[in-house]
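The primary structure of each chain is shown beneath.
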Amino acid sequence: MTDAADLRRRTADLLAAHPPATTDRLDFLRARFDAGLAWVHFPEGLGGLDAPRSLQAVVDAELAAAGAPGNDPGRIGIGLGMAAPTILRFGTDEQKQRFLRPLWTGEEVWCQLFSEPGAGSDLAALATRAVRDGEDWVVDGQKVWTSSAHLARWAILIARTDPDLPKHRGITYFVCDMTDPGVEVRPLRQITGEAEFNEVFLTGVRIPDAHRLGEVGEGWKVAQTTLMNERVAIGGNRIPREGGMIGVAAADWRARPELRTHDLHQRLLTLWVDAEVARLTGERLRQQLTKGQPGPEGSGMKLAFARLAQDISGWEVEFLAEDGLTYDDWTMRRPDGVDFTGREAGYRYLRAKGNSIEGGTSEVLLNIVAERVLGLPPEPRTDKDVAWKDLPR
Ligand SMILES: Cc1cc2nc3c(=O)[nH]c(=O)nc-3n(C[C@H](O)[C@H](O)[C@H](O)COP(=O)(O)OP(=O)(O)OC[C@H]3O[C@@H](n4cnc5c(N)ncnc54)[C@H](O)[C@@H]3O)c2cc1C
């Protein structure tokens, strides 16, 4: 059984064999993966050591102290947070061997082709079709709000393979090659001025059956693993006490005594306590995660994260008065990721608006918490047993 001492020893061996100061960044990351120190709770041979997930912190601390390079998780969040756990759970051995290493090192960026113009909250209504043709599937349709599609080598994709079945049952889950000539990616500009996300047109895209994840028609079940992990990935990042956005607001408060008022002080204290409660709840959720897949509790975490991000960034803009309204750069950019702590208050305020939409809207997450955590009666669903092709659209 791998324990903390064993991990420290393995980390020291890695650092001795590949000194960060003289080793190429990618070589170091590959060596770290091969040593099982990438995500220690993954299986041996796939970047892990079957160790408790909580022990990852031991490795991370040792590597940070030694100045080892990281894999830039902000840039590859969809791969790490969503594609990887889904591939691990439903992928074949070949798929795990092919995809997980370059996913973790960041050599291959992933995106998520789920939402469509007519299917967001009601994702199971999706209309993108995949039709079997010999050893391939031929995919046609349109996806939207696809974060990082402009950077991505691969996508996790859900598509309809049987329109005669009710909507949840005729869906299949695939890995889509974003370099296929039938894939067209167009930027969508957001309220921040940037285009983090895109619309993606799929025209006659050929996906080999070997790139199917899970059984034909089981895509909804596979997608649940992705979505549960997405909510934990968005809402459940490990941060230190007074870290993240509340840390930025507290630093503003300390740096600008001339802007303080009694009312803003009271509100900051309330937000500080709420942020600490959310942080500690996240710690508890991560401990639950060491025992298996995330459950619907992750929805509660993501809900709290979105509410806090909007409230704290709103407080900051108000506190900083006219300085809170400055915005450094409105030129259209296609960024590598989201930066909640390194940019100005105006960016945080605008970007936080999307937090209550991405990864499931707050209204939909409230429904999930009500039904699946609190056990309240479900919303009436009249379309559960109707063939998808007969649903009104
Ligand atoms: C920044 C950002 C990044 C994103 N990245 C991706 C990505 O990479 N890949 C991807 O596939 N998608 C992505 N999305 C899309 C996101 O998942 C969807 O926007 C979201 O699921 C909502 O779907 P919709 O936009 O179609 O809104 P709709 O589903 O049309 O919702 C409209 C409104 O109706 C409400 N509503 C809907 N159903 C119910 C209900 N049953 N009960 C109560 N209220 C309801 C919603 O809460 C919302 O207020 C991203 C979105 C954002 C903002």
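A quick note: this is a predicted structure, and the numbers were derived from the prediction, not measured.

> Just checking my understanding: could you explain the overall build of the chain for this structure?
When you go through the chain residue by residue, the secondary structure sums to 11 helices and eight strands. For a compact globule of 393 residues, the expected C-alpha radius of gyration is about 21 Å, and the chain comes in at 22 Å, within 12% of that figure. Structurally, the chain occupies a C-alpha span of about 70 × 55 × 45 Å along its principal axes. Taking all 393 residues of the chain together, the buried fraction comes to 51%. By sequence separation, contacts in the chain at least 24 residues apart represent 70% of the contacts at least 6 residues apart.

> What exactly am I supposed to notice about the domain arrangement of the chain here?
Accessible area lost during the coming together of the parts is what is often quoted as the interface size. For the chain, the assigned domains are domain 1 (4-70), domain 2 (108-217) and domain 3 (223-373). Here the C-alpha centroids of domain 2 and domain 3 sit 28 Å apart. Facing the 21 residues of domain 2 at the interface are 19 residues of domain 3. Where domain 2 touches domain 3, the interface holds three salt bridges. Close ionic contact of Arg 343 with Glu 194 constitutes a salt bridge, the shortest N to O distance being 3.0 Å. At the level of secondary structure, the elements contributing two or more residues to the side of domain 2 that touches domain 3 comprise strand S4 (154-160) and strand S6 (183-188). With three residues, S6 is the single largest residue contributor to the side of domain 2 that touches domain 3.

> How should the site of the ligand be read in this particular structure?
Taken together, 19 residues lie near the ligand, and Ser 115, Ser 121, Trp 145, Thr 361 and Glu 363 sit nearest. At 2.6 Å, a side-chain N or O of Ser 121 approaches an oxygen atom of the ligand. Note that an oxygen atom of the ligand is positioned 2.7 Å from one of the side-chain N or O atoms of Thr 361. A total of 980 Å² of accessible area belongs to the ligand in isolation, and the protein chains cover 68% of it.

> Before we go on, may I ask you to explain the pairing of strand S3 (residues 136-143) in this structure?
A regular strand places its side chains on the two faces of the sheet in alternate fashion. Bridging between strand S2 (residues 129-133) and S3 involves five bridges; their strand directions are antiparallel. What sits directly across from Arg 129, in S3, is Asp 140. Here S3 pairs with strand S7 (residues 197-208) via seven bridges, running antiparallel. Residue pairing across strands places Asp 136 opposite Pro 208, the latter belonging to S7.

> Help me out: how do you make sense of unusual backbone geometry in this one?
The general pattern is negative phi for most residues beyond glycine and trans for most peptide bonds. Even without glycine at this site, Ser 148 takes up a positive phi of about 65 degrees. Structurally, Ser 148 can be placed in the loop between S3 and S4. Classification of Ser 148 by relative accessible area gives buried; the value is 12%. In this structure, Glu 242 is a non-glycine residue whose phi angle is positive, near 55 degrees. Inspection of the secondary structure puts Glu 242 in the loop between helix H6 (219-235) and helix H7 (244-255).

> Even after reading the chapter, I still don't get the state of the cysteines, so can you show me in this structure?
With the rule as written, the count across this model stands at zero disulfides. Here Cys 176 stays unpaired: no disulfide links it, and the sulfur of Cys 111, its closest cysteine neighbor, is 7.8 Å away. Of the residues examined, Cys 176 reaches a relative accessible area of 0% and is grouped as buried.

> Just to check I follow, could you spell out the packing of helix H4 (residues 77-90) against helix H5 (residues 93-105) for this structure?
Running from N to C, H4 and H5 point in directions that differ by 165 degrees, and their axes come no closer than 10 Å. Of the possible angle classes, the one that applies to H4 and H5 is roughly antiparallel. When you trace H4 past H5, the crossing you get is left-handed. Contacts between H4 and H5 involve Gly 79, Leu 80, Ala 83, Ala 84, Ile 87, Leu 88 and Phe 90 from the former and Gln 95, Lys 96, Phe 99, Leu 100, Leu 103 and Trp 104 from the latter.

> What is the right way to read a nonpolar patch on the surface from this model?
Together, Val 373, Leu 374 and Leu 376 give the surface a local cluster of nonpolar side chains, amounting to about 280 Å² of exposed area. With respect to the helices, strands and loops of the structure, Leu 376 is situated in the segment after helix H11 (362-373). When its relative accessible area of 44% is taken as the criterion, Leu 376 is described as partly exposed.

> Even after reading the chapter, I still don't get the pattern of salt bridges, so can you show me in this structure?
Side chains bearing opposite charge may pair, as long as their charged atoms lie close to each other. The final tally for this structure, using the stated rule, is 37 salt bridges. A salt bridge links Lys 167 to Asp 122, with the shortest nitrogen-to-oxygen separation between them at 2.8 Å. Highlighted residues: Lys 167 in the loop between S4 and strand S5 (171-177) and Asp 122 in the loop between strand S1 (110-113) and S2, separated in sequence by 45 residues.

> How do you make sense of H11 when you look at a structure like this?
Spacing of three or four residues puts side chains on the same side of an α-helix, whose turn is 3.6 residues. For H11, every residue scored as buried is listed here: Ser 362, Leu 365, Ile 368, Val 369, Ala 370 and Glu 371. Immediately beyond the C-terminal end of H11, within one or two residues, lies Gly 375, with a positive phi of roughly 75 degrees.

> What should I look at first to understand helix H10 (residues 345-352) in this one?
Among the eight residues that make up H10, seven are buried, leaving the element largely enclosed by the rest of the structure. In this structure, the buried side of H10 is in contact with H7 and helix H9 (297-319).

> What am I meant to see in the side chain of Ser 313 here?
Note on placement: Ser 313 falls in helix H9. Ser 313 gets classed as buried once you look at its relative accessible area, which sits at 0%. Only 3.3 Å separates the side chain of Ser 313 from the backbone oxygen of Gln 310, close enough to count as a polar contact. If sequence neighbours within four positions are ignored, Ser 313 has contacts with Met 245, Arg 348, Tyr 349 and Ala 352.

> I keep staring at the environment of Ala 4 and nothing clicks. Help me out?
By the secondary structure assignment, Ala 4 is in helix H1 (residues 4-17). Overall, the relative accessible area of 22% leaves Ala 4 in the partly exposed class. The residues contacting Ala 4, other than those within four sequence positions of it, are Leu 55 and Val 58.

Basis of the calculations
- Residues numbered from 1 in each chain as written.
- Predicted model: local features only at pLDDT ≥ 70, side-chain atom pairs only at ≥ 80, totals over all residues.
- Heavy atoms only, no water.
- Helix = DSSP H or I, 4+ residues; strand = E, 2+ residues; numbered from the N terminus.
- Rg over C-alpha atoms; globule rule 2.2 N^0.38 Å.
- Buried < 20%, exposed > 50% of the residue type's maximum accessible area, 1.4 Å probe, protein only.
- Contact = heavy atoms within 4.5 Å.
- Domains from an automatic or database assignment.
- Salt bridge = Lys/Arg side-chain N within 4 Å of Asp/Glu carboxyl O.
- Near = heavy atom within 4 Å.
- Polar contact = N/O pair within 3.5 Å; in protein donor to acceptor, adjacent residues only side chain to side chain.
- Areas by Shrake-Rupley, 256 points an atom, 1.4 Å probe, with all protein chains shown as cover.
- Pairing = 2+ DSSP bridges.
- Disulfide = S-S within 2.5 Å.
- Axes fitted to C-alpha atoms, helices over the stretch in contact; angles between N-to-C directions.
- Parallel < 35°, antiparallel > 145°, perpendicular 65-115°, else oblique.
- Left-handed = near helix turned anticlockwise from the far one by under 90°.
- Patch = residues over 30% accessible without salt bridge, like charges linked within 9 Å, V, L, I, M, F, W, Y side chains within 5 Å.

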